[in-house]
Amino acid sequence: MPEVGRVELRGQIVALLGTPAPRRQPHIGYSLDLHVKVAKDWQRDPKQLRKLGF
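Residues numbered from 1 in each chain as written. Predicted model: local features only at pLDDT ≥ 70, side-chain atom pairs only at ≥ 80, totals over all residues. Heavy atoms only, no water.

Participant: Give me the lowdown on the pattern of salt bridges, citing residues and values where you can.
Facilitator: A complete count under the given rule lists 1 salt bridge for this structure. Across the salt bridge formed by Asp41 and Arg44, the nearest N and O atoms sit 3.3 Å from each other. (Salt bridge = Lys/Arg side-chain N within 4 Å of Asp/Glu carboxyl O.)

In structure tokens form, the structure reads like this:
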């Protein structure tokens with residue numbers, strides 16, 4: 001998911017959230033932590049697949 005760090009996508013993320021990411025390390029700039037929760041056996045679960053549009 002390195003695309004998330006691209007400058008073009010940061011603007012879209014800020015627009016979605018309505019606020020810029022907090023500055024944690026001023027010498028580096030803004031940072032964004034991303035956590036993804038994956039449902040167990042989602043690829044075999046018809047209910048999960050329907051939720052994802054499959």
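Participant: I'd like a description of a nonpolar patch on the surface, backed by residues and values.
Facilitator: A cluster of nonpolar side chains, namely Leu34, Val36, Val38, Trp42, Leu52 and Phe54, defines an oily patch on the protein surface of about 660 Å² accessible area. Looking at where Leu52 falls in the secondary structure, it is placed in the segment after helix H2 (46-51). (Patch = residues over 30% accessible without salt bridge, like charges linked within 9 Å, V, L, I, M, F, W, Y side chains within 5 Å. Areas by Shrake-Rupley, 256 points an atom, 1.4 Å probe, with all protein chains shown as cover. Helix = DSSP H or I, 4+ residues; strand = E, 2+ residues; numbered from the N terminus.)

Participant: Please provide a residue-by-residue account of the environment of Leu52, values included.
Facilitator: For Leu52, a relative accessible area of 51% translates into the label exposed. Remark: the alpha-carbon pair of Leu52 and Trp42, spanning 10 residues in sequence, is separated by 9.6 Å. (Buried < 20%, exposed > 50% of the residue type's maximum accessible area, 1.4 Å probe, protein only.)

Participant: Account for unusual backbone geometry, with residues named and values stated.
Facilitator: Positive phi outside glycine occurs at Asp41, with the angle close to 55°. Structurally, Asp41 can be placed in the loop between strand E2 (29-30) and H2.

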